[in-house]
Amino acid sequence: MGSRSSFAPGSSALACCLAALAIFAVLCDGGTTSPFVRTIWPSVDMPFDSDVFATPPGYNAPQQVHITQGDHVGKAVIVSWVTPDEPGSNRVRYWSEKSQKKRYSEDTVVTSYKYYNYTSGYIHHCTIKDLEPDTKYHYVVGSGHVERQFWFVTPPEVGPDVPYTFGLIGDLGQTHDSNVTLTHYEQNPYKPKALLFLGDLSYADDHPLHNNMRWDSWGRFVERSVAYQHWIWVAGNHEIDYCPEIGEYTPFKPYLHRYEVPYKESNSSSPLWYSVKRASAYIIVLSSYSAYAIYTPQYQWLKEELPKVNRSETPWLIVLMHSPLYNSYNYHYMEGESMRVVFEPWFVEHKVDVVIAGHVHAYERTKRISNIAYNITNGLATPDSNPNAPVYITIGDGGNIEGLANNMTEPQPDYSAYREASFGHAIFDIKNRTHAYYAWNRNDDGIAVEADSAWFHNRYWYSVEDSS
Ligand SMILES: [Fe+2]
């Protein structure tokens with residue numbers, strides 16, 4: 001929970017001391033900096049022969065199976081998989097648990113790419129359309145003796161009071177900590193139905209020559225979750241893979257070949273920024289590493305996108321990006337500042353409920369604040385309380401090869417409600433159009449303890465102060 005102040009009203013100090021403390025509290029009331037000391041594991045990737053990276057048996061067996069939303073409203077699914085040896089079958093066989101009637105989709109794109117001395121397998125993306133809402137589907141990829149079967153549940157029909165639980169993970173990587181995070185996520189008692197992934201997937205680029213075999217091992221590692229539920233993708237800096245030293249000049253090459261998203265469905269010109277509706281939420285994905293200043297495609301798209309959000313249909317307006325706009329750690333400090341300057345006034349104008357980012361390998365939740373009053377001469381450059389502003393969550397604490405960000409700016413800024421340098425994950429549990437419960441779990445506690453939590457009150461329907 002985020003406490004409001006370090007200084008309790010019931011202090012028994014003398015009046016003059018109280019007055020001095022009150023002044024100090026005003027200056028330094030930044031919420032809670034958790035003193036939790038975590039267990040230290042070495043920040044190294046799990047070896048390739050770890051069981052979490054096991055290759056499915058059989059010649060050319062499909063691997064790295066993953067699904068994501070395939071259209072704007074959740075009635076389509078993109079099923080992706082990789083075959084290592086030859087293209088193989090491009091067909092997905094699927095059936096709903098209700099009807100059992102077998103259907104086939106061959107709406108498949110097969111692609112591959114080269115990256116320096118690496119050649120990818122055959123990457124398949126198959127879009128399955130016209131699915132029934134809130135229905136369990138089974139699906140099969142591959143053929144013959146290497147068929148593999150999975151299942152997913154489609155989201156319910158979009159509507160204002162539809163409950164829905166999202167998971168939040170960022171900067172996951174493939175270390176022992178990553179495995180703990182994913183395991184805790186799978187065990188979360190709220191049973192999140194879809195994951196909002198805040199960018200930085202495999203950290204392949206932290207290996208010599210951006211060893212793309214780490215993209216493959218990461219795909220096999222997370223398959224146990226993402227083959228069964230939709231992960232909504234955000235691109236991080238570790239997806240850029242720009243490396244002129246080895247002749248790799250195309251940004252996002254491995255990521256864009258491997259992870260397809262339904263960007264055209266929201267009139268975006270790039271898979272790096274797009275939107276989807278899901279249950280009672282409208283989710284906008286932005287790219288911290290694409291141009292966003294005035295006149296650029298992303299700026300123009302977001303300017304036109306935000307007014308389209310109908311809060312009577314999707315009350316919860318959620319914005320995802322990789323680089324946080326508010327961050328009080330001494331890591332990546334101010335990297336999100338230029339995007340904040342451009343987009344924050346729109347977030348306030350359109351009453352965005354929450355902005356979720358990764359990138360900083362730690363956890364932080366802010367109060368509802370904005371910093372949009374500054375006009376270069378008035379000196380109003382301090383974040384201020386604003387009931388129309390989003391809460392900013394930084395959850396780049398999936399646990400990856402680069403380790404933890406444990407060095408913070410001091411004192412804790414007034415805008416920061418809770419911060420802690422631990423690995424973990426969170427859930428955003430929408431109850432109805434007015435209330436959502438949010439909880440962050442640190443890995444060291446196991447899943448039962450919520451290290452930070454808050455009730456979110458919807459900015460459009462119930463714009464009163466949130467409560468913890
Ligand atoms: Fe990052």
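Residues numbered from 1 in each chain as written. Predicted model: local features only at pLDDT ≥ 70, side-chain atom pairs only at ≥ 80, totals over all residues. Heavy atoms only, no water.

Rules: UniProt positions are given in the numbering used here, feature names are shortened, and annotations may be inferred rather than shown by experiment.
Under an unreviewed UniProt entry, the name given to the protein chain is Purple acid phosphatase, and the organism recorded is Rhodamnia argentea. Recorded in UniProt for the protein chain, the comment headed Catalytic activity (unreviewed entry) runs: "a phosphate monoester + H2O = an alcohol + phosphate".

## So, the overall build of the protein chain
What counts is decided by this rule: Strands here mean DSSP runs of E at least two residues long; helices mean DSSP runs of H or I at least four residues long; both are numbered from the N terminus. We compute the radius of gyration over the C-alpha atoms and compare it with the globule rule, which gives 2.2 Å times the number of residues raised to the power 0.38. Residue contacts are counted whenever heavy atoms from the two residues lie within 4.5 Å of one another.
Tallying secondary structure elements over the protein chain gives six helices and 26 strands in all. Its C-alpha atoms give the protein chain a radius of gyration of 22 Å, near enough to 23 Å, the size a compact globule of 468 residues would have. With the C-alpha coordinates aligned to their principal axes, the bounding extent of the protein chain is approximately 80 × 45 × 45 Å. Sequence-distant contacts, at least 24 apart, represent 71% of the contacts inside the protein chain between residues at least 6 apart.

## Here we look at the sheet that holds strand β6 (residues 108–111)
Test applied: One requirement defines pairing of two strands: DSSP has to find at least two bridges between them. Geometry is summarised by axes, namely lines fitted to C-alpha atoms with helices restricted to the contacting stretch, and by angles between N-to-C directions that run from 0 to 180 degrees.
Reading across from one edge, β2-β3-β9-β6 is the order of the four strands in this open sheet, with antiparallel pairing throughout. Strands with a single pairing partner mark the edges of an open sheet, and in this sheet they are β2 (63–69) and β6. Taking each pair of neighbouring strands and ignoring which way they run, the sheet shows an average axis angle of 15°. Looking at chain direction, β2 and strand β3 (residues 77–83) are connected through five bridges and run antiparallel. Note on β3: the bridge partner recorded for I67 is V79.

## Overview of the pattern of salt bridges
Two side chains that carry opposite charge are able to pair once their charged atoms sit near each other. As a reminder, the rule being used: The salt bridge criterion pairs a side-chain nitrogen of Lys or Arg with a carboxyl oxygen of Asp or Glu, the two atoms within 4 Å. We call a residue buried when its accessible area falls under 20% of the maximum for its residue type, exposed when it is over 50%, and partly exposed in between, using a 1.4 Å probe and counting protein chains only.
Applying the stated criterion across every chain yields a total of 23 salt bridges. With a shortest N-O distance of 4.0 Å, E106 and R91 are connected by a salt bridge. Here R91 lies in the loop between β3 and β4 (92–96) and E106 lies in the loop between β5 (103–105) and β6, a separation of 15 residues in the sequence. Judged by its relative accessible area of 37%, R91 is partly exposed.

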